[in-house]
Amino acid sequence: MNSIRNMKTTKLIVHQKGFSDAELLLNPKDFSDIQLGDVVEIWHPDEEYRLLLQVSELKEDLNKDNISVESGIAQTFQLKVYQPICLNVVNPKDVTLDLVELIIKDQYLGRSDMWRFKTFLEGKAVYLTKKLEHTNIRATVNELWTKGEKVSCGVISKDTRAVFRSPTAVMNIFIQMSSEMWEFDSFGDLYFEKAICGFLADLFAKWKEQNCCHDVTIVMFSRTYYEAKSIDEFPASIRECIQKDYKGRFYEDFYRIVVQNERYEDWQSTMIALKKLFIKYENRVLHFHDGCGERIPPAYNSMAAQGNFLETMNMSLNVFEKYYLDRNFDRTGKVAIVITPGAGVFEVDRELTTLTKQRTIDSGAGADLVCMGEQPLHAVPLFKFHSRNAVTSLDVGDDYNIPHWINHSFYTSKSQVKTSLTSTFVPRIKVASRRGYRPAADQRECIMKNEYHRADNGFPFSIDYDDYDAHVFKLPSSRTNVKKRGQVRLSTSVVTKQFGHPLPQTLAEARQLHQPRKRNLSDECIGSLMGSKESSKTSSAISIPMSRVKSDELMSNSVGADYKIIEEKSTLSKSTESSDSGEDIPQEPFRVGSAPLGQNMRFTGKAVKQNRALINPFAPTRMRVRKTFNRRRWVHAFPVDTAGTAMQPRFHQTYTKSLLDGESIHPQAPLADPSTGEVEAANIAVQLRKKKSSLKRDADLETKSLSSESEDDPQQHISTTTGLRYSDSQSSFNSHSTALTNREAIGPSHSNITSSVSQASDASYSLLWGVTGEQELCPIIAIDVDWKSMSLPAILPTTTDYFPENRNLMNDYVVADYQLLPDDVNMDLSFGQASRKPMKAQEVFNELFYQRLAQGFQLICGANTLSPRGQPDISTQKYKSKTGLMRAKSTPQTTYWLSIGRIFHRLNLIGRTITVTRYRPRHPHAQISRMYPYRFQMPDSETYDSSETHFDNEQLENYNWNYLDNYICTMGQGDYALVQSLKFWRSRFFLMPSINPATKRIIEGDERCDIYEEKTITEQEQIMCGFLRFMETLNRIRRPASTIKTRSRDENIPPEEVFKLSTTSPSIEIIEALLDQSDGLSFLPLQLGLPNNNFISAEAIRWVRQEVGGVNSINQAIDLLQRLVDEKFIRHISNKADVKFMNGFFLYYILPLTKGDKNTGLTYTDVSGFLNDWCEVLVDTNEDQTLNDLPEFLLPKLPSKQSLNLPSFGSHNTDTNSDYGAYRNIYNFSNIDLDPSSKSGRQEWGTLQYHTWFNPLCPFEIQVHWLVATGPILGDFVSSWGRKAGMFGMHLLPVPVDPFMLPDTPGSDPLRGPVFVSLNIGSLKEDGNDIFPEFDWASRDERLQLLQEAILKRFGFLLNSPRNHWPYGDENRQDQYVHMSGGMFVICMQRKARRRLRTDSFCSVNSGSSPDKASSDLDKVGFLWSWNFLLTKKWRTSNTGDEHFQDKVLADFRSFCSNHENRLKDFWEESCQKVSFIQI
């Protein structure tokens, strides 16, 4: 290599990591010219394989003439120890990688984290399987690519693209249970068995092979049609989910969740469950309403093409778009996989397609479609748009769309492989069965009359398809008459306009009576007939109808999928459209395949305005579309060949000469060389297509604005067969043409036949079909399953290469900019703790860039040298200088261009000034909102529940970037705080006691689960002590355990007469006793700017109760300490003298007793400023409440909820307007440093939201909100909280922000919901009376609530908050309960709140009652049960139990509530006996 600086042969030895972490050790005496950071290649002289390593350590004591390689590397690459080895120093530029693929597992990485990690790797040598780590991010090198080939090692440069793949992603697998699932394919396989036993089994096997552990949800879905003509045919009780399609058919969509958020290593049990559900599925959904007692119209299952495919995709997107909620710290990536028995063709609504496409692209989620059917000969996936006005409009043909944003695959079963190896013919389509029905003669006459009056004029009798196809596929001949090219006469008869003749009875008679049509040969045949001349006619497959209708336009119902046809030059028209007779040549209308068009829609070629052409799915490569950001969003996830074309190895050629001879072979069989004539004919067709696609645009194209906003925009598409000029002598396509060089994917002897077609006339165009738009669709290309995408899904790349044309950027966008001056903004702000410092301009600029990456933006590669006007921008040069008589000082500058959708941002830093320029579309997308009713069944539910959700497109241009940038600049201080619209990340946690003997008994095998008992006062005090220690962790206070003085209230309490202190003792004596070194108060160490002698208020209260006589309660201790505050002996560390003394985790300090001592705490202007940096919490030990086991629901006087479980404020502090009046709110907020060890090298912070109080009988809630944080660092930081909590007798568990996901909750998960458990209160009634006949009827609901609470306490549930808090408003708010294990949630349901919930949940499956009947039943009450899906194995302990424990609790809870074995009635009678005994 030219880059070799030194070459030497030496001997290889190995070393262990314990000896040195360096991969390569060299002796500087042997290699004096090698420096740290150099890249060297090593190899054995007798082998060609070479390994690249980077010098990171030089060791002088290494043996002479030896180099040492880490033993693991030597073993991986089979290096021979003690054998000669050659060493070269190479130039990193010569071994630079084009793409590096990295695997991240069990981590959460944001896209900004990926960018920083890739930046860290620049300049480093990597090899396969190398372990990389930086800022707690751990990654493994999976693949390396350079110049279109896989390599084993290389150097990462600034231009190397990094692709991150995750074996621990969130996957939603949807199985379409359409009618084809119960049919057999051409190879004898049942489609369901092919999907489950074939595809899913192979997928799970690959997961196990690659050590994947995805978070998986599997859903079976289908659409049920009803044979009804009016909605009145349905009972009113079931109409809520009935919908009507564009053809007037009534239908209902069903979803059956099989598993939800499961992480199994063995999926065999799931496969068995799927098979069991398959047996009953169709009968269940078709006869779901049979039990309502009324007549239901007959139902039938839809076909795959008519199914609810897009609705299913949107339901998954509703979950993926809330990625910032319930952030899991061990999952990265989100993928939706749809398994369909069809071939990838769907009839869809246009508006819903647009909505789904934009949501999928914007969210960055993967969308995979796996088809069980045979791959058709046309492009797939294929959407056929609904034609809502087909009768009244001029329909020019079916309107199709090829969604490039869906990654599609076709699964090949073992039966197909076997048949391909043995059979001579493999069908690519499923032939329809022959129907035996034949109408009577009078019916046939009526049918034929109607057919002749239709616009298509008698389809299918108008075309001789065999004759047409024979000409289309006939090889070209040079002896063909050129003058008559393009015309094939199929029939010579003329159909009369009157029906005086007998109606045709056969196809032959119809051909004789029908008017002849002129057809065009294919472009390839025309080109062969012409020789060197150009065709005068366009292909009939993509020509458009020409009419003299009003405004000289042909209106189509295909709004939004238009393809602009560029009018040819008049010189070309004169030379190609002239005829000997001088008459107008009839222009053929658009058709798909061989579909005809009626004679009354035949138009001449005069005065034709430019119209768009529809998509021909059999020839999608004849259409070119303008490249957009949406099309290029994922392009950097693919490796490229030497010409820069994205490579997709799963596209390969399956047919060779055997196919042309009428035989079929296995896809993996060796490829035979085709004959010379076949290759010549194929080459002619390919070259002609390339030649026509390489035409230059005319100069007047500038006046015909081609918008680059969307692929579906009417002005975006062009036809390569009619619109572009071309010339034999010159082709503008040559400079951009590329060929597919991945011959392993296509086949070594056929790459010239299936060569890839890249950009059209310039780099701004691409093909319609395919994810990248660079792969030409050919019938002999087979599409395999993209196993990598579904096993190791890629994360959305951080870079893209699309930049709009300068003209569009200036004309089609609204430009706005603003400036930030971080130094000036932060000058007057107070940042509280000494560890937080205001960021400099460069740091703020970097964070603005990172935030845009995190929110889905991509860096535009190569755009940093462009300006909006297309000229080199002086702001992007390295320095910006002023000119004049005096030379100004040069100012460094940095510029970034970023984009998402049609939105572009330009960040520019000059000196200390940051300029943000935003480009928003002048005509943004309209807001689309769809309400979607459906039925779904949860895994533990007994029936399908009715629900609804909304599909909305997010208008990204409305995101308040100005506010976010100011929040970053000020680090959340001042007027800028986190608001919901910023979509900040958040995670919610519960802190609960970890010691529960009842849980252990159930895990060990106890049959009953209603064995939990309430905590005693002593146990509550222990819990409170553990909580105070945890609060020290939250506040970053490090106190050795040996300095904590603890003594129980009942231990060594002296008699009253020997107390040294009393409530009447002078304050100075009490202060001196507090300061005593041996028996005084335990003070916190001096740290974080805290003053001397600072302490926690709860510990001071405990000390006063133990050391001061006459203090018998918490309130008395608070009053005594408040006296010390009033006399200025004690002060809150915020230095606010008016802050009262309160019980809990509050920090106070003892003021200096002499004037000469200086002891001041942190200075804050108000208490709110102090609360921004410190977490202080009120504590209630329930000591003043007497514990009794009397059933409250049977007491004559009900307890007041307003006084229950309220924290103790003391007799002095009842003013809600005081400084600490905020502690009567539910939550407080404070800032938190999320990277206290500075591992990331930048400032990372967030907001801590926490309960303002703590009660030992309730969980303590903590929420972490952040925008600026590194995922793995934050995950480890939160995990450290969990470890600390375990040391203090507590456990910290993640919980969902909304555990119940009720339908009326905005943004709730549409595939998640609670399970209803009915409470059989009818068994508690006597003689038909109410269960509370002796009490006032007005108290019935409250007593019923108390009864439900008593049942929940027996099963170990804790009230979520002592103060009844309902997140959906104050009206009808419900108490939420969480199990002591943290894995289950419950809401007590009564009739007054049913309107908020699914009505079907209250129907008993066995009773057959309708929802309306259940809703009217006043006695139908129960519980809503929900699982904690965030409680994964990482957070589980022996005190949380596993899934078996949770299932056992639910089963026993259902048994108890249903009064199985009279358990509920026995509980009721036991409660009644307790009350009767007290009364006696």
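Please refer to the structure placed before this passage.
What this report covers is the structure whose coordinates are included nearby. Just so it is clear, the model here is predicted, and its values are computed rather than measured.

1. Brief notes about the overall build of the chain
Across its full length, the chain holds 31 helices and 60 strands. With 1480 residues in all, the chain has 57% of them scored as buried. Pairs at least 24 apart in sequence give 77% of the contacts found in the chain among residues at least 6 apart. Surface summary for the chain: the accessible area is close to 64,200 Å², and the carbon and sulfur share equals 50%.

2. Considering the sheet that holds strand β53 (residues 1253-1254)
Taken in spatial order, the three strands of this open sheet run β48-β50-β53, and their pairing is mixed. In the strand order of this sheet, the two ends are held by β48 (1144-1145) and β53, each with one partner. Relative to strand β50 (residues 1177-1179), β48 is paired through two bridges, and the arrangement is antiparallel. What sits directly across from Gly 1144, in β50, is Leu 1178.

3. Details of the environment of Arg 631
On the secondary structure map, Arg 631 appears in the loop between β29 (623-626) and β30 (651-653). Judged by relative accessible area, which is 3%, Arg 631 ranks as buried. Counting along the chain gives 137 residues from Arg 631 to Leu 768, while the straight-line C-alpha distance between them is 9.9 Å.

4. Quick word on the nonpolar core
Among the nonpolar cores identified, the biggest contains 185 residues, and Trp 1281 and Trp 1425 are the most heavily contacted of them. Ranked by size, the runner-up nonpolar core spans 49 residues in total, among them Cys 212, Tyr 226, Met 271 and Cys 292.

5. A word on the pairing of strand β51 (residues 1227-1233)
Of all the seven residues making up β51, six are buried; the element is thus mostly covered by neighbouring parts of the structure. Relative to strand β52 (residues 1245-1251), β51 runs antiparallel, the two sharing seven bridges. Along β52, the bridge assignment pairs Ile 1232 with Gly 1246.

6. Examining the pairing of strand β20 (residues 334-340)
The buried fraction of β20 amounts to six of the seven residues, a majority that puts the element mostly inside the structure. Where strand β15 (residues 170-176) and β20 come together, six bridges link them in parallel fashion. Looking at the pairing, Ile 173 lines up with Ile 337 of β20. The pairing of β20 with strand β22 (residues 366-371) spans six bridges and is parallel. The residue bridging Ile 339 from the neighbouring strand is Val 370, located in β22.

7. Here we look at the packing of helix α22 (residues 1017-1034) against helix α27 (residues 1271-1287)
α27 packs onto α22 with a crossing angle of 155° between their chain directions and a minimal axis gap of 9 Å. On the basis of the axis angle, α22 is roughly antiparallel to α27. The handedness of the crossing between α22 and α27 is right-handed. Residues Phe 1030, Thr 1033 and Leu 1034 of α22 lie in contact with α27, whose contacting residues are Trp 1281, Lys 1284 and Ala 1285. Broken down by class, the residue content of the contact of α22 with α27 amounts to four nonpolar, one polar and one charged.

8. Some points on the side chain of Asn 1094
Topologically, Asn 1094 is positioned in strand β45 (residues 1094-1096). The exposure class assigned to Asn 1094 is buried, which follows from its relative accessible area of 1%. Among the polar contacts made by the side chain of Asn 1094, one reaches the main-chain carbonyl oxygen of Pro 1091 at a distance of 2.4 Å. Once residues within four sequence positions are removed from consideration, Asn 1094 is found in contact with Phe 1083, Leu 1084, Pro 1085, Ile 1133, Tyr 1148 and Tyr 1149.

9. Focus on a nonpolar patch on the surface
Residues Val 14, Val 81 and Tyr 82 make up a contiguous nonpolar surface patch of about 260 Å² in total accessible area. Mapping Tyr 82 onto the fold places it in the loop between α1 (71-76) and β7 (84-90).

10. Points about helix α30 (residues 1443-1457)
The terminal C-alpha atoms of α30, which comprises 15 residues, lie 21 Å apart, in line with the 21 Å expected from a rise of 1.5 Å per residue. Every buried residue of α30 is listed here: Phe 1445, Gln 1446, Lys 1448, Val 1449, Leu 1450, Asp 1452, Phe 1453, Ser 1455, Phe 1456 and Cys 1457. A side-chain oxygen of the first residue of α30 lies 3.3 Å from the backbone nitrogen of His 1444; this N-cap is Asp 1442. Downstream of α30 by one or two residues, Asn 1459 has phi in the positive range, about 65°.

11. Comments concerning helix α3 (residues 191-209)
Taking 1.5 Å per residue as the helical rise, α3 with its 19 residues ought to reach 27 Å, and the 25 Å between its terminal C-alpha atoms agrees with that figure. Within the sequence span of α3, burial applies to Tyr 191, Phe 192, Lys 194, Ala 195, Ile 196, Gly 198, Phe 199, Leu 200, Leu 203, Phe 204 and Trp 207. Backbone geometry just downstream of α3 places Asn 211 in the positive-phi region, at approximately 60°.

12. As for the packing of α22 against helix α24 (residues 1097-1107)
Where α22 contacts α24, the axes come no closer than 10 Å and their chain directions differ by 145°. Here α22 contributes Met 1024, Cys 1025, Leu 1028 and Glu 1032 to the contact with α24, which in turn contributes Ala 1098, Glu 1099 and Arg 1102. Grouping the constituent residues of the contact of α22 with α24 by class yields four nonpolar, no polar and three charged.

13. Considerations on the environment of Gly 1144
Inspection of the secondary structure assignment puts Gly 1144 in strand β48. Considering only alpha carbons, one finds Gly 1144 and Ile 1096, 48 residues apart in sequence, at a separation of 7.6 Å. Ignoring any residue separated from it by four or fewer positions in sequence, one finds Gly 1144 in contact with Leu 1028, Ile 1096, Ser 1097, Ala 1098, Val 1177, Leu 1178 and Val 1179.

14. As for the packing of aromatic side chains
The final tally for this structure, using the stated rule, is 66 aromatic pairs. Taking 6.0 Å as the distance between ring centres and 55° as the angle between the ring planes, the aromatic pair formed by Phe 989 and Trp 1435 counts as tilted. Here Trp 1435 lies in the loop between β60 (1421-1427) and α30 and Phe 989 lies in strand β43 (residues 985-993), a separation of 446 residues in the sequence. For the residue pair Phe 989 and Trp 1435, the accessibility class agrees, reading buried in each case. For the cation-ring pair, Arg 1312 lies above Phe 1429, with the distance from its terminal atom to the ring centre recorded as 3.8 Å. Taking NZ or CZ as reference, Arg 1343 lies 3.7 Å from the ring centre of Phe 1335, over its face.

Reading the values: the criteria
Residues numbered from 1 in each chain as written. Predicted model: local features only at pLDDT ≥ 70, side-chain atom pairs only at ≥ 80, totals over all residues. Heavy atoms only, no water. Helix = DSSP H or I, 4+ residues; strand = E, 2+ residues; numbered from the N terminus. Buried < 20%, exposed > 50% of the residue type's maximum accessible area, 1.4 Å probe, protein only. Contact = heavy atoms within 4.5 Å. Areas by Shrake-Rupley, 256 points an atom, 1.4 Å probe, with all protein chains shown as cover. Pairing = 2+ DSSP bridges. Core = buried A, V, L, I, M, F, W, Y, C linked by side-chain atoms within 4.5 Å. Axes fitted to C-alpha atoms, helices over the stretch in contact; angles between N-to-C directions. Parallel < 35°, antiparallel > 145°, perpendicular 65-115°, else oblique. Left-handed = near helix turned anticlockwise from the far one by under 90°. Nonpolar A, V, L, I, M, F, W, Y, C, P; charged D, E, K, R; others polar. Polar contact = N/O pair within 3.5 Å; in protein donor to acceptor, adjacent residues only side chain to side chain. Patch = residues over 30% accessible without salt bridge, like charges linked within 9 Å, V, L, I, M, F, W, Y side chains within 5 Å. Salt bridge = Lys/Arg side-chain N within 4 Å of Asp/Glu carboxyl O. Expected span 1.5 Å × (residues − 1). Phe/Tyr/Trp six-rings, centres within 6.5 Å; stacked < 30°, edge-to-face > 60°. Lys NZ or Arg CZ within 6 Å of the ring centre and 35° of its normal.

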